[in-house]
Amino acid sequence: MNLITELPRATWLIFRMHLAATAVSRRALAGILFAAIPPLFAFLALNIGGDGDMGERVFMYLGVLVLLQVVAPALGVFLGIGAIADETEARTITYPFTRPIPRASVFLGRWLASLLVLSVLLLASGAGVAAITMRASSPPSPEAVQGLVGATLLAGVLYSLGAAVIGVIFKRGQVIALGYAFAFEVMLANIPGSAQKLSLQFYLRSLFVGDDGANWRSLEIFEPSKFLDASASSERLMVTAAILLAIGCITVTRKQFVLSS
Amino acid sequence: MSAIVLAENLGRWYGEVVGLGDLSVEFEPGITGLVGPNGAGKSTFMKLMVGELRPARGRLTVLGETPFGNRALHRHLGFCPQQDALYEHQTGRQFVRDLLRLGGWSRREADGLAVRALERVGLEDAMDRKVNGYSKGMRQRTRLAQAIAHGPKLVIADEPLTGLDPIARRQTNELFRGLAEDGCSVIISSHVLHEVENLTETMVLIHRGRLLAQGSVREVRRLISRHPSRVDLVARDPRRLATALLPLDHIRTIKLGADPGTLTVETDDIAAFHSAFAGVAAAAGAGVSGFKSDDASLEAVFDYLVG
Amino acid sequence: MKATTHTEVYRRFDGELRERPLRSVTLAWSGIRVGFKKKLPMLLLFLIPGIFTIVTSFMVQLKFEAEAGTISGMAGMEPSAQTMAMGALLSSQIGQVESLIFDLITNMQFFVVLSMGWYGSGLIAEDRKLRANLLYFARPLSRYTYTAGKLMTVMFWGAWAVVAPVTIVCSVASLASPEWSFLTERWDTILKLELYAVLWVFFHGILVLAISSLTDRRNRALGGLFIFYFLTLAGSNAMAELMSGQGWRLLSIPNNFKRVFDSLLGQTSPGIGWNLESSLWVLGLLTLASAATLARQTRKLEVGS
């Protein structure tokens, strides 16, 4: 049996099997509400009590502080953690694991289904904020919009993949994933020095801050930082994603899943 | 006949809990019952057979191959798990069809096979309904359908009769007999011994993770020589009957029962007892009205082995 | 033998409920014992607060030594006016003990929320999932006793993560201060700090429990807690900056607790300019909402049994 042909085929079948269910799951529905918050805040900031002449500022604040720092990690963890964890909790993992398919395809297929739903939510949220702020005076530049929305989508990939891998390895993976995304990364961000470089948020921000951090100026009040070059940053994020993918696939192939009776 | 399942010194534990101790057993083609009380290790053994778990020690081959991580073997295996778990968002037909597609069938082929399997388990009317609306018995039959749909050489069913009403149980047993007639081997587990007895004579008895006995019930019974066979009798004059039976060499004990007219005889040679009884009873004139000799049942055998 | 059936296993209690407050302690202790079974989560969740506590204790010790001028001796230098001045400067750089304690709680708050979420989010959710309410409320146990027991369980873990570190740091400050002056002269500050820690634990405990009661899956409860906590924090900060209105910060739980802390210790902080009543209203409303949610959800559990 050829792994090179079997893996993509089985991954595609698993992806199709679970895409619809993932899209209408309670998690996804809660995700819609959650993803609607940044556009709602943007609308309030520009139309009610705020200054209509600060489109770029609103976009950067909400894009970074809310969308990139809270919404993307939270949705990434919630939608990504269930790739294998949901199957073991529901005790349905027996079925795909007793079919002639590579086990890694179950991990990949389910994660990709979650990723598609997650990406749609994040894209809608980012596009919503962009659409509202671009109608204001001093709108954000297209490069900044593109960069931030791209960074948000990449954040979704990384956080969901990390959560999926954690869900494979640990029984109570969600608390570990949330702990990393919110407690650990926040702690790293506040420790002076190079500790920030251990967090995903540092590299994600580096993707869109622009030359000499031009796009970050309005946020300096929060965290003055020195960032990496965008291409170096994206390279490191891709390597991280590749490593996580490999760990996930290898672990799910070798691990024995003991289901509770 | 080569064994379809061969276990040698097989062991699997969960931390400090022993799932299987030191199990060495062979399963021949046909229908075999894997029986034992709750916690005996039946489910663990089945999960090892289908490659869901890896043995901690010993060797296990199924259809000549090691199960864990063996994708090719799964083409020839069908597994009906014990847990009541299905993909709730799917219909029965979608569930079986999608699992068949994972086995390499095209959509059309998979759909045809799924429909045939669901008809075979009696779900022809319900196959297009969502499984979250199924009754317990229907869910069990759906699990069975996915195990047989791809025409495996070996079907392993973990407690397939649990939760079924008597009619469904009979239909399921007929299904297993039909599979066996088609050349498929079946291993079914149960802790309800008489259910399996209705289906097959070939048993593997396990207890506390170890092999207790294997073979047909009658052969195993014959091997338990230390336990005399027991016969329950009802007679108008039990004392006279007891007096007539006592001189027989193979009689070990005779006890008068608490209920009037009953007595229990223990004999070392049940066949000789059966041969001699009619003549002795007639000569005694004790008015025998009841004769029960069911300690060749699986339950009795199990009690003797464990007790 | 006459045929009979016995279907009274799970029945509504029709007798008179006699309140025995100590039953909630039994309930709490059984929940706490379950938490002790898993050592690894305890280690992971309390390691960071432990490290922060040790660092803060060290800083407190250093402060008092700098004030007393003994630090120069430790550095191998002879005490002089210069070294005393350096010590005073260092002491002022380190700041007040209460500021150090507030920074301690702030820095580890996310880990503490995680800890309380880990131990608390399943307390009612798992009972709902497993239908354990059938067992609880078949006994003469009121929903208030049940809720009190669960609240004590989650507060126990919160106390280890917040009240214990505050107590440790205050103890170090008392021991490090000359003539135990921190204890003798500023005992009211110690009491205020402990009160603040207890209020913090109580508020977060009831919030965790309320969210737990809304679902039958522990993971969802934990997720809901995090979403609520971090979204209000990040969103309020962003909106406050954008709309130049500090009122938005009232949405954030940590900011409201900061205001309470400032009021207790008689200090002010930049960006927290609103009056104490506003914060008390917000925290009070949230507490009331949590309590109402708990009352409603436990009523359903009671009736369902």
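Cut-offs used in this document
- Residues numbered from 1 in each chain as written.
- Chains lettered and ligands numbered in written order.
- Predicted model: local features only at pLDDT ≥ 70, side-chain atom pairs only at ≥ 80, totals over all residues.
- Helix = DSSP H or I, 4+ residues; strand = E, 2+ residues; numbered from the N terminus.
- Buried ≥ 20, exposed ≤ 12 C-beta atoms within 10 Å, placed from the backbone.
- Contact = placed C-beta atoms within 7 Å.
- Core = buried A, V, L, I, M, F, W, Y, C linked by C-beta atoms within 7 Å.
- Pairing = 2+ DSSP bridges.
- Axes fitted to C-alpha atoms, helices over the stretch in contact; angles between N-to-C directions.
- Bend = angle between axes of the 7 residues up to and from the residue.

**What about the overall build of chain C?**
No. 1: Looking only at helices and strands, one finds 13 helices and zero strands in chain C.
No. 2: Going residue by residue from the N terminus, the α and β elements of chain C occur as α-α-α-α-α-α-α-α-α-α-α-α-α.
No. 3: Looking at chain C as a whole, 43% of its 305 residues qualify as buried.
No. 4: Taking all contacts inside chain C whose residues are at least 6 apart in sequence as the whole, residues at least 24 apart take part in 78%.

**A few points about the nonpolar core**
No. 1: Among the nonpolar cores identified, the biggest contains 225 residues, and Leu62(A), Val66(A), Val71(A), Leu75(A), Phe107(A) and Ile156(B) are the most heavily contacted of them.
No. 2: Ranked by residue count, the leading element in this core is helix 4 (residues 55–80) of chain A, at 18 residues.
No. 3: Sequence-distant contacts of Val66(A), defined by excluding residues within four places in its chain, comprise Ile37(A), Pro38(A), Phe41(A), Val71(A), Ala234(C), Gly235(C) and Ala238(C).

**Here we look at unusual backbone geometry**
No. 1: One non-glycine residue, Glu159(B), adopts positive backbone phi at about 50°.
No. 2: Note on placement: Glu159(B) falls in the loop between strand 6 (154–158) and helix 5 (166–181).
No. 3: The phi dihedral of Arg131(C) is positive, around 60°, even though this residue is not glycine.
No. 4: Among the secondary structure elements, Arg131(C) is positioned in the loop between helix 6 (122–130) and helix 7 (133–136).

**Observations regarding the sheet that holds strand 9 (residues 210–216) of chain B**
Residue and element names in this part refer to chain B.
No. 1: With mixed pairing, the six strands of this open sheet are ordered in space as 5-6-7-3-8-9. At either margin of the open sheet sits one strand with a lone partner, and together these are strand 5 (77–80) and strand 9. Averaged over all pairs of adjacent strands, the angle between their axes in this sheet comes to 15°, without regard to strand direction.
No. 2: By the bridge criterion, six bridges tie strand 8 (residues 202–207) to strand 9 in an arrangement that is antiparallel. Within strand 9, the residue paired with threonine 202 across the bridge is serine 216.
No. 3: On the sheet, helix 5 packs against strand 3 (31–35), strand 6 and strand 7 (185–190) and is oriented at approximately 150° with respect to strand 7.

**Observations regarding the pairing of strand 11 (residues 251–256) of chain B**
Moving residue by residue along a regular strand, the side chains alternate between the two faces of the sheet.
Residues and elements named next belong to chain B.
No. 1: Looking at chain direction, strand 11 and strand 12 (residues 262–267) are connected through five bridges and run antiparallel. Bridging across to strand 12, threonine 253 finds its partner in glutamate 266.
No. 2: Connecting the antiparallel pair strand 11 and strand 12 is a turn made up of five residues, with glycine 261 showing a positive phi of about 85°.

**A few points about the interface of chain A and chain C**
No. 1: Opposite the 23 residues of chain A that make contact, chain C presents 20 residues.
No. 2: Taken together, the elements giving at least two residues each to the side of chain A that touches chain C come down to helix 3 (37–47), helix 4 and helix 9 (173–190) of chain A.
No. 3: With ten residues, helix 4 of chain A is the largest single contributor of residues to the side of chain A that touches chain C.

**Here we look at helix 5 (residues 97–120) of chain C**
No. 1: Maximum bend of helix 5 of chain C: about 55°, positioned at Gln109(C).
No. 2: Most of helix 5 of chain C is tucked away: 19 of the 24 residues are buried.

**Examining the sheet that holds strand 2 (residues 17–27) of chain B**
Residue and element names in this part refer to chain B.
No. 1: Taken in spatial order, the three strands line up as 2-1-4 in an open sheet, and their pairing is antiparallel. In this open sheet, the two strands that pair with only one neighbour each are strand 2 and strand 4 (57–62). Going from strand to strand, the sheet's axes swing by 25° on average, the running direction of each strand aside.
No. 2: Sheet topology places strand 1 (residues 5–14) next to strand 2; seven bridges connect them, and they run antiparallel. Paired with alanine 7 across the bridge in strand 2 is valine 25.

**Describing the arrangement of the chains**
No. 1: Across the two pairs of chains in contact, the largest number of contacts is found between chains A and C.
No. 2: These two, chain B and chain C, are apart from each other, with no contact and a minimum C-alpha gap of 14 Å.

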